[in-house]
Amino acid sequence: MPQTPKPRLLILVVAYNAEKTITDVLARVPPRLADEYHVEILVLDDASRDRTFEESRGAQRAGSLPFPLHVLFNPVNQGYGGNQKIGYHFAIERRFDFVALIHGDGQYAPECLPDLVRPLRDGEADAVFGSRMLERAAALRGGMPLYKFFGNRILSWFQNRMLGTSFSEFHSGYRIYSVAALEKIPFALNTNDFHFDTEIIIQFVLAGLRIKELPIPTYYGDEICRVNGIKYAWDVAKAVMVARAQRMGFFYDRRFDCQPATSGHAQYEPKLGYLSPHTAALEIVPPGARVLDLGCAGGYVGAMLRRERGCRVTGVDRFPPGAGVELDAFVLHDLNDGLPLLDARDYDYILLLDVIEHLTSPETFVERLRDALKFAPTTTLVVSTANIGFVVNRFMLLAGQFNYGKRGILDLTHCRLFTFESFRRLFEQAGFRVRQTRGIPAPIALVLPPGALSRALNGINQALIRLARGLFSYQIFFVVDPLPSLEYLLQQAHTQSAVRSEAAEDATAGTR
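Report follows, based on the coordinates. (Residues numbered from 1 in each chain as written. Predicted model: local features only at pLDDT ≥ 70, side-chain atom pairs only at ≥ 80, totals over all residues. Heavy atoms only, no water.)

**As for the side chain of Lys85**
And step 1. Locating Lys85 in the fold gives a position in helix H3 (residues 79–93).
And step 2. Look at Lys85: it is buried, it has no salt bridge, and the nearest opposite charge is Glu199 at 6.9 Å.
And step 3. A polar side-chain atom of Lys85 sits 2.4 Å from the main-chain carbonyl oxygen of Asn190.
And step 4. One polar contact links Lys85 to Asn192, side chain to side chain, over a distance of 2.7 Å.
And step 5. Ignoring anything within four residues of it in the chain, the contact list for Lys85 reads Phe187, Ala188, Leu189, Asn190, Thr191, Asn192 and Phe196. (Helix = DSSP H or I, 4+ residues; strand = E, 2+ residues; numbered from the N terminus. Buried < 20%, exposed > 50% of the residue type's maximum accessible area, 1.4 Å probe, protein only. Lys, Arg positive; Asp, Glu negative; His and termini not counted. Salt bridge = Lys/Arg side-chain N within 4 Å of Asp/Glu carboxyl O. Polar contact = N/O pair within 3.5 Å; in protein donor to acceptor, adjacent residues only side chain to side chain. Contact = heavy atoms within 4.5 Å.)

**Re the sheet that holds strand S9 (residues 312–317)**
And step 1. With mixed pairing, the seven strands of this open sheet are ordered in space as S10-S9-S8-S11-S12-S14-S13. Of all the strands in the sheet, just strand S10 (329–332) and strand S13 (432–440) have a single pairing partner and so form its edges. The sheet shows a mean angle of 15 degrees between the axes of neighbouring strands, taken without regard to direction.
And step 2. With three bridges joining them, strand S8 (residues 290–294) and strand S11 (residues 349–353) adopt parallel strand pairing. Residue Val291 lies in a different strand from S11, and its bridge partner there is Tyr349.
And step 3. In the packing of helix H10 (residues 277–284) onto the sheet, the strands contacted are S11, strand S12 (380–386), S13 and strand S14 (475–482), and the crossing angle to S14 comes to about 30 degrees.
And step 4. Helix-sheet contacts for helix H14 (residues 420–428) involve S12, S13 and S14, and the interaxial angle to S13 is about 155 degrees. (Pairing = 2+ DSSP bridges. Axes fitted to C-alpha atoms, helices over the stretch in contact; angles between N-to-C directions.)

**Details of the environment of Ala243**
And step 1. Of note, Ala243 is situated in helix H9 (residues 229–247).
And step 2. Classification of Ala243 by relative accessible area gives buried; the value is 1%.
And step 3. A C-alpha to C-alpha distance of 9.1 Å links Ala243 and Glu199, two positions 44 residues apart in sequence.
And step 4. For Ala243, the contacting residues outside a window of four places in its chain are Leu163, Ile202 and Phe256.

See the structure below:
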C-alpha cells in the first residue's frame, strides 16, 4: 500500500548582519522534523554588511545539516517585510505546504518548531504564532525590557479592540503559515517595514483564516534592535485604523480587501433594529398595502411587511431572495435593463431602498418609472440613497482621500452619488413631488455593540442632523408622489366632460 507523502515544510530564516548567530540557529533546527515532514531550509540574507552569507554557505558546503539548505542574498536590502515576501514567494513557487519564519539572530528558539507546526499538519489552523505573552510574566523572565513588555501589551490591546480579536500578542516574529492560506491574501502589497507582521495578521483576520497561538520562550541576548519603537507603534496603529475604517465602509485599501468572495446580495444585510432606510420604510407603509419592492436584495423588508403588516409584496432583483424569505411574488430582473413587465397601477407603494446609486443611468430609470405611473397618481414611492455630503466624506476629501470600498457610501458597486438637493432634482425634474425628506444617521449599530455608547452616539448624530441635515445625514430618505401626468389630466378631462355633458343632457331632457 503506497504511503501518503509527507507534508513539505520550508523553514525561512530571515537574516541581516547575523554572522555570529546564523550557524548556531541552523544547527538548532530539530532533526526529528524529518520524521513527519519533508524539510528544507532557506536562509535569506538581506544585503548584510558582514559575513552572514558566507557563514550560511559554509554550513551548506559542510553538509552537516539533516535537511537541504538554500542560501540566497538580496543585492539590495528589502527590509524585514520585503525579505519575508521573497521567502513566501519561494514557498509558493516550490509548492511547499507550510512555511515557518524564524530569525537569524536566535531570538526565537528553533527547538519549538515541531510543536508549532503540528496544528497546521492536523488541520487545526491556517497559521500558528509563537506567543511570549501567553504565560504570565514569562517574557520579563526571559529578559524582555520593561518598556518593550508594556509597549507590546498596550499595542496588542489596541489592535484587539480595533480588529475584534483576542490575541495575546501581535508582535512575535515566530510564525508558521499554511502556504495555501498565504495564496489567499495579497501579502505582496504589504509594507517592507517591520509592521509587515501586523498587516499580515489583519489580512488573515479579514479573510476568516484560523490563527492559533502557542507559548514560546523569550530570549533577549546581545542582538542589535533595529526597530524605531515610536515609528513602529505609529505604523501599527495606522494599519489597524485603516483596516477598521475599511470595515466601516469609510475607506478602501487593496491590502485589506481580503474578505471571502460573496455572490448575489450576500454583502447587503437587513438594516433592522435601528433607524435606517429599512425601518423608516416600515413606518411609512400601512397595513394591507400592495407593495412593489424594486431592488429588494435579500427580500428582508418585503418579508417583514408581509409578515407583520399583512401587505402583498412583489420583489424584483437580479438575484433570488435570501434563504427562507417569503414574498407573494418575485421577478428576476436587472433594473439597469429598465423596469420589469409589471403594471405599476397594481401597487400602492413602490420601494427603492438604496437602489438608485447602483444604476448606471438614474435619470433614465426615474423617467421610465414616471411614465409607468402616468395613470397611477396615487402610488407612493419610498426611496433612499447614500449622502455623499456626509461629514466623514468631506473630511476625507480635505485629507486628499476619495476611496471606494466594499460597504458604505463609497461602495465599489455604486455608480452615482447624490446630495439632498441633487437627489430631489432627480425626482422633481422627472415629474415627481418630494412629500417628505428625512436624514438617516450613520449605522453605528453595525460598528459598536448595543449599549449606552452606541445609543449616545446615535442620539448625537440625530441631533446634528436636525442642525445640518446635509452635513450629518449618512443617508437620504424621501417619500415621493408622482405629479398628475398630462395623459392622466387629459383622460380626466375627457371623463369629466363626458360625465358633465351627460348630466347636462339629462337635466335638459328633464325640463322638457
